[in-house]
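# Summary of the model geometry
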Amino acid sequence: MSAHANLERRRQAIYGWLLLSPAAVLLTLFAFYPSIATLWSSMFSRGTRRKPTEFVGTENYAELFADPTFWLVVKNNLLYAGVTIPVSIFIALSMALWANGKIRARGFVRTAYFTPTVLPMIAAANLWLFFYTPGLGVLDQIGSLFGLPSVNWLGQPETALWAIIIVTIWKEAGFFMIFYLAALQTIPEDLKEAADIEGASRWTYTRRIVLPLLMPTTLFIAVNAMINSVKLIDHLFILTKGGPSDASKLILYYIWEMAFAFFDAPSAAAMTIMVIAVLGIVAAVQFFYLDKRTHYQ
Amino acid sequence: MKSSPFVKLDGVAKRWNGQLGVEGITLDIPEGSFTALLGPSGCGKSTTLRLLAGLELPDEGKILIDTKDVTTSAASDRNLSMVFQSYALFPHLSVAENVVFGLKVRRVPKKERMEKLHRALEITGLLGLEDRKPGELSGGQRQRVALARAIVAGQRLCLMDEPLSNLDAKLRNAVRKDIKKLQRDLGITVVYVTHDQTEAMSMADTVVLMKDGHIQQVGAPEDLYSRPNNTFVAEFVGAPPMALLEADVLDGFGEGKTIGIRAENIQIVPKGDGRMCCTVTESEFLGAETLIGLDHAGATGLSVLKPGLAMMAEGNEIDITFNDENLHVFDVNGQRLAG
Ligand SMILES: Nc1ncnc2c1ncn2[C@@H]1O[C@H](COP(=O)(O)OP(=O)(O)O)[C@@H](O)[C@H]1O
Ligand SMILES: [Mg+2]
């Protein structure tokens, strides 16, 4: 009896591991191993012809902490994340609630919102270049109609980062909206009717019923938005290249610069490790803390 | 006392893109009554109920509740509650939060809310389950949460759309009694939608039988049973339904008419003494009696009841008879003729 159950359990375990192994192999090969290797190389000095690489422990990290550009980039990225995450989620949610309602041309509205998502980031950046270019750009053209002076949105430190932020939000919101729309479809129509009969206003219904039921989606989107706030930098290459004077430089761009423009691989590795650590911690907090307060259907 | 009815529908019609939903719905519902909207699937019962609830607005006609014209009022202004077929419980809220949702929305003070909650849970037998989520309840318990939510605010009008259709047969019988008792004890007016004629006949004071968006007959269950307005009502109400004969099968009824006769009014008689000769097609043992299905060229739905276990062989030829006073006569269009 118990021997039989044991055998069954072992069979189940083997079956489970077999199913897991392809993913485990791929992850090890392309995620875990590179991470460990990066961690390893971040603890060695940069080799030159005269001075070979040597183990320096945390020296690369200390150097980074002493680098004012690093702190500027961190500050930029925090602002970038702090604005793009909530704003794109908010816009996505509002658009989804609207596009899910009984409006005319619903299909068109949905498609229109989704278009930015389909565009590659590089193409989107080129499009926005056409908006931002001083003198010729659409923004300036409109401004000049009202007699406003020409503004070099991408070329001045005060506005460059914000210009980048807007492109990101524009790009992300439509994508997130699709998730919200899908989630809204799963909320039965009669919940709204029940709430109506109980006298709930549209706002009360949204706040007490819809938003809580969308929490799993919001959580998923928030994690994605956070990862994107580090990952999504393609448009920097087209729009500002991190400038002017690093005003719009984000961490990943700086890492890329370190590695492939300044050929300082150890510093790039050190920064990468820090990014991984921070992202890992934040994702864990989001999942473990918010998960408890989230209702899954 | 001849006061105006509590709920009044007057010539109400609703169409979707010109397609018929319901039409010409005129109905008076007295306060404290139990009214069942009965009919086959797709006949417009739910539509009628939703028009009453304010979840749909009528294209024509007027709706009055408690002498107030609510034809175009919002659902929340009609002072009614509703039990949905799917229960429509909020999945992320606990039983208690589900039940008091409406009270909270209407800003009832906490103390009063708690008292009402306790009472509603007591009546529906849900005490002790306050903190469960709907997903952690059985079908019957969910149904009772929906009931509790409907009665907690003490609205005088309660609408129910097939509230028992997701329960198993045994539970359905029990809850049927509970709902009926609840309605009596609280003295509320219930409008109850069902496609199950047994449910309607056993629970309602007044049955409204519908077909294709039109009301066929309004009356007490015994009226519908013993004086059906037309052949549709005759065939829909009762188990087994009324058998219909072409008039020329019998003598003295003239051309084109249809004759209705119920199984319990038919007797089997020795060969040669009957008014009709039929073939046995099936025997169904029901417990206290046996239902014998009969086939005759000029009749549909013919059957006869025999007490106890009395199976008859298929293909047997038997003679049946009945008294003229038990016959229902319908004209060419299927409408009941006087008498
Ligand atoms: N929202 C709607 N849009 C279009 N047609 C509808 C809608 N609701 C109901 N109908 C139609 O109205 C008729 C009556 O439906 P309903 O009242 O739901 O019937 P039931 O008696 O089964 O509850 C059906 O033919 C149905 O197809
Ligand atoms: Mg229905």
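Nothing here was measured: the structure is a model prediction, and the numbers come from that model.

Let's shift gears to the overall build of chain B. Within chain B, the regular secondary structure consists of eight helices and 19 strands. With respect to the three principal axes, the spread of C-alpha positions in chain B is 80 × 45 × 45 Å. For chain B, the residues scored as buried account for 51% of the 339 residues in total. In chain B, 63% of the contacts between residues at least 6 apart in sequence involve partners at least 24 apart. Only carbon and sulfur atoms are counted for the fraction: they give 47% of the accessible area of chain B, which is about 15500 Å². Taking the average location of the 38 positive side-chain charges in chain B and that of its 45 negative ones, the two points are 11 Å from each other.

As a further point, take the site of ligand 1. Residues and elements named next belong to chain B. Neighbouring residues of ligand 1: Trp16, Gly21, Pro40, Ser41, Gly42, Cys43, Gly44, Lys45, Ser46 and Thr47. Here an oxygen atom of ligand 1 and a backbone polar atom of Gly44 are 3.0 Å apart. Considered on its own, ligand 1 offers 560 Å² of accessible surface; in the complex 59% of this is hidden by protein. At three residues, the largest contribution of residues to the shell around ligand 1 is made by helix α1 (residues 45-53). A breakdown of the residues in the shell around ligand 1 according to their chemical character gives three nonpolar, six polar and one charged.

All right, on to the sheet that holds strand β10 (residues 214-219) of chain B then. All names here are of chain B. Within the open sheet, the six strands sit side by side as β6-β7-β8-β3-β9-β10. Their pairing is mixed. Strand pairing shows two members of the sheet lacking a second neighbour, β6 (80-83) and β10, which therefore form its edges. Strand-to-strand, the axes of this sheet are offset by a mean angle of 15°, without reference to chain direction. Across the sheet, helix α4 (residues 139-151) lies against β6 and β7 (157-161), angled at about 175° from β6, the strand it touches most. Of the strands in this sheet, β3 (34-38), β7 and β8 (189-194) touch helix α5 (residues 169-186), which is tilted by about 140° from β3.

A few words now on the side chain of B:Lys14. Residue and element names in this part refer to chain B. Relative to the helices and strands, Lys14 is located in strand β1 (residues 7-16). No salt bridge is formed by the buried Lys14, whose closest oppositely charged neighbour, Asp59, lies at an N-O distance of 4.2 Å. Once residues within four sequence positions are removed from consideration, Lys14 is found in contact with Gln19, Leu20, Gly21, Val22, Thr47, Leu51, Glu56, Leu57, Pro58 and Asp59.

Let us now look at α1(B). Residues and elements named next belong to chain B. The element α1 is largely enclosed, with a buried count of eight among its nine residues. Among the residues of α1, those classed as buried are Lys45, Thr47, Thr48, Leu49, Arg50, Leu51, Leu52 and Ala53. Just past α1, the residue Gly54 takes up positive phi, approximately 90°.

Turning to the sheet that holds strand β18 (residues 317-321) of chain B, a few remarks are in order. All names here are of chain B. Spatially, five strands are ordered β13-β18-β14-β15-β17 in an open sheet, and the strand pairing comes out antiparallel. What marks the edges here is a single partner per strand, and that holds for β13 (267-269) and β17 (303-307). Mean inter-strand twist for the sheet, computed between neighbouring axes without regard to direction, equals 50°. Two elements, strand β14 (residues 276-285) and strand β15 (residues 289-295), share six bridges in a ladder whose sense is antiparallel. Its bridge partner being in β15, Glu284 is matched across the sheet by Leu291.

A few words now on a nonpolar patch on the surface. Residues A:Ile142, A:Leu145, A:Phe146 and A:Leu148 make up a contiguous nonpolar surface patch of roughly 490 Å² in combined accessible area. The topology assignment puts A:Leu145 in helix α6 (residues 138-145).

Considering all chains together, one arrives at 18 aromatic pairs over all chains under this definition. The interplanar angle of 40° and the centroid separation of 5.5 Å between the aromatic rings of B:Phe34 and B:Tyr192 together place this pair among those described as tilted. Separated by 158 residues along the polypeptide, B:Phe34 in strand β3 and B:Tyr192 in strand β8 bring together distant segments of the chain. Accessibility expressed as a relative area gives 0% for B:Phe34, which makes it buried. Residue classification places B:Tyr192 among the buried positions, given a relative accessible area of 0%. Directly above the ring of A:Tyr205 sits A:Lys192, whose terminal nitrogen or CZ lies 5.2 Å from the centroid. Over the ring of B:Tyr225 we find B:Arg262, and its NZ or CZ is 3.8 Å from the ring centre.

Residues and elements named next belong to chain A. As far as domains go, chain A holds domain 1 (1-41) and domain 2 (58-292). Between domain 1 and domain 2, the C-alpha centre-to-centre distance is 35 Å. Counting from both sides, the interface comprises four residues of domain 1 and, opposite them, six residues of domain 2. Taken together, the two surfaces of domain 1 and domain 2 that pack against each other cover about 340 Å², and 73% of this comes from carbon and sulfur. If you sort the residues of domain 1 by the area they bury against domain 2, Thr38, Leu39 and Ser41 come out on top, with a joint share of 85%.

What counts as what
- Residues numbered from 1 in each chain as written.
- Chains lettered and ligands numbered in written order.
- Predicted model: local features only at pLDDT ≥ 70, side-chain atom pairs only at ≥ 80, totals over all residues.
- Heavy atoms only, no water.
- Helix = DSSP H or I, 4+ residues; strand = E, 2+ residues; numbered from the N terminus.
- Buried < 20%, exposed > 50% of the residue type's maximum accessible area, 1.4 Å probe, protein only.
- Contact = heavy atoms within 4.5 Å.
- Areas by Shrake-Rupley, 256 points an atom, 1.4 Å probe, with all protein chains shown as cover.
- Lys, Arg positive; Asp, Glu negative; His and termini not counted.
- Charge placed at Lys NZ, Arg CZ, Asp CG, Glu CD.
- Near = heavy atom within 4 Å.
- Polar contact = N/O pair within 3.5 Å; in protein donor to acceptor, adjacent residues only side chain to side chain.
- Nonpolar A, V, L, I, M, F, W, Y, C, P; charged D, E, K, R; others polar.
- Pairing = 2+ DSSP bridges.
- Axes fitted to C-alpha atoms, helices over the stretch in contact; angles between N-to-C directions.
- Salt bridge = Lys/Arg side-chain N within 4 Å of Asp/Glu carboxyl O.
- Patch = residues over 30% accessible without salt bridge, like charges linked within 9 Å, V, L, I, M, F, W, Y side chains within 5 Å.
- Phe/Tyr/Trp six-rings, centres within 6.5 Å; stacked < 30°, edge-to-face > 60°.
- Lys NZ or Arg CZ within 6 Å of the ring centre and 35° of its normal.
- Domains from an automatic or database assignment.
- Buried area = accessible area lost by both parts, 1.4 Å probe.

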